[in-house]
Amino acid sequence: MTIPAILSLATGTPPNQYRQMDIHDQWISPFLHTQRARAIFTAAEIDTRFSALADAAFLSNEPSTKARNDVYMQTARPLAQTVIRQALARANLAPTDLDHFIVISCTGFDDPGLDVLLAGDLHMRPDLRRSALIGMGCHAGLTGLDRAVLELAARPQSHVLVLTVELGTLHFQHGKKLDSMIAAALFGDGAAAVIVGPHTSPGRPKLLDTMTYSDYQAHDLLGFRVSDKGYEIRLDRNVPQALQNIVPNLVAGFLKRSNLNKDDIRFWGIHPGGAKIVDYLAQGLDLRPDEVNFSRQVLRQYGNMSSATIFFVLDQIIRQGQPQPGDYALLQSFGPGLTIELCLVQW
């Protein structure tokens, strides 16, 4: 049986980098006039974030959802081209070698969407299969990996490109609503491209197992709604506790399917949806501080880039952790639903 593997991974951001408190002082504070936002920004444990926006002027007049989406499409297309080209080069593949193209985003879309536009831009084959996972939220990066695994189960020699592009800073909201202030303190912009194909050479991380779990009774805790002025985020303060209640037992059962336990996992890739989420899950899973260091690094340098974030964490694991043959990593992402995605990786 052919085992699917990650053949390459590339991440990228828009060129505009901002310090956390500069975003507060220039983008948020002029429209809120409350010290509560400053406390939220400080507690987020984020140093810098990237944005599609060159300055705060675009947000000052509360632009329409259409205006925000126009900026999304203008920015997402070239950013996606860059990370896709990098991923193809690292896998030693041409665009015509791709058999399935999966595009993921919850911060913008159009029809025809990025899947069609980028396939044309990069001269992919006209018989390319395409899928779009739109509006799913922060967990959807691992959802895309799961769909790539399914593709290879059906067609073992396929090459699947998974692209996620998230530009959350386009949806910063005015007003003193707590959810909006938390979202403004957390979300940043980023993209990632992953190529999944048959495992044919050592050193490639193999995708051994995946799992999706949704607590339908908790779907109100996390999500977003389309308004006339962008997407309004819903972030209940009980999300970290809810995840802590669910994830440890879920992880234990998931690992048992592969005859593994927690001690067999060398690398823990937790989606840093916020500092408290990392704190609560580290406690619930009984992890040492160094075992969640990659997640904290990504949060500090980039913020929460929704579905792209887990691939930035995986990139840190590969580059800094230097996995050895046989090492396991457990990737975890969380999003609306309340949905939890797990992915077991082995080098």
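The present account deals with the structure reproduced in this document. The structure presented is a predicted model; accordingly, all values stated were derived computationally and were not measured.

### Re empty space enclosed by the protein
Consideration 1: One pass over the structure, following the stated rule, counts 1 cavity of 30 Å³ or more.
Consideration 2: Roughly 260 Å³ of internal volume is contained in the largest cavity.
Consideration 3: Contributions of two or more residues to the lining of the largest cavity are made by helix H7 (178-186), strand S9 (222-227) and strand S10 (230-235).
Consideration 4: Counted by class, the lining of the largest cavity contains 12 nonpolar, 10 polar and 1 charged residues.

### Quick word on the pattern of salt bridges
Proximity of charged atoms lets side chains of opposite charge pair with each other.
Consideration 1: Evaluation of the coordinates by the stated rule reveals 19 salt bridges.
Consideration 2: Several salt bridges share partner residues, and in doing so they unite Glu45, Asp279 and Arg296 into one network.

### Re the nonpolar core
Consideration 1: Ranked by size, the top nonpolar core spans 48 residues in total, and within it Trp27, Ile84, Phe101, Met124 and Leu163 carry the most contacts.
Consideration 2: Per-element accounting of this core gives the leading share, 11 residues, to helix H4 (residues 65-91).
Consideration 3: Here Ile84 is in contact with Phe101, Leu118, Leu122, Met124, Leu161, Leu163 and Ala193, once residues within four sequence places are set aside.
Consideration 4: Of all hydrophobic cores here, the second largest spans 41 residues; its members include Met211, Ile265, Trp268 and Leu299.

### Section: the layout of surface pockets
Consideration 1: Empty space within the largest pocket amounts to approximately 700 Å³.
Consideration 2: Looking at the lining of the largest pocket, the elements with two or more residues in it are helix H2 (35-43), H7, helix H8 (239-256) and helix H9 (275-284).
Consideration 3: Considering every element that reaches the lining of the largest pocket, the biggest residue donor is H9, with 5 residues.
Consideration 4: Of the residues contributing to the lining of the largest pocket, the split by class is 18 nonpolar, 6 polar and 6 charged.
Consideration 5: Counted as a void, the second largest pocket has a volume near 280 Å³.
Consideration 6: Looking at the second largest pocket, it is lined by 18 residues, and the ones nearest its centre are Gly203, Arg204, Pro205, Ile318 and Trp347.

About the thresholds
Every residue gets a number counted from 1 within its own chain, in the order that chain's sequence is written. Residue-level local features of this predicted model are given only where pLDDT is at least 70; pairs of side-chain atoms are given and counted only at 80 or more, and the full residue set underlies all totals for whole chains, interfaces and linings. The basis for the side-chain values is all heavy atoms of the structure; hydrogens and waters are excluded. Buriedness of a pocket was judged along seven lines, with at least five required to meet protein on both sides within 12 Å; pockets are open sets of points on a 1 Å grid over the protein atoms alone, cavities are sets where a 1.4 Å probe fits but cannot get out, and lining residues have an atom within 4 Å of a point. Grid points are joined across faces, edges and corners, and a volume is the space filled by probe spheres set on the points. Helical segments are the DSSP runs of H or I of at least four residues, strand segments are the runs of E of at least two, and each set is numbered from the N terminus. Only Asp, Glu, Lys and Arg are considered charged in this grouping, and only Ala, Val, Leu, Ile, Met, Phe, Trp, Tyr, Cys and Pro are considered nonpolar; every other residue, Gly among them, is considered polar. Salt bridges are defined by distance alone: a side-chain nitrogen of Lys or Arg within 4 Å of a carboxyl oxygen of Asp or Glu. To define a nonpolar core, start from buried Ala, Val, Leu, Ile, Met, Phe, Trp, Tyr and Cys residues and group those joined through side-chain atoms within 4.5 Å. Whether a residue is buried, partly exposed or exposed follows from its accessible area with a 1.4 Å probe, protein chains only, as a fraction of its type maximum: under 20%, in between, or over 50%, in that order. Pairs of residues are marked as contacts when any of their non-hydrogen atoms sit within 4.5 Å.

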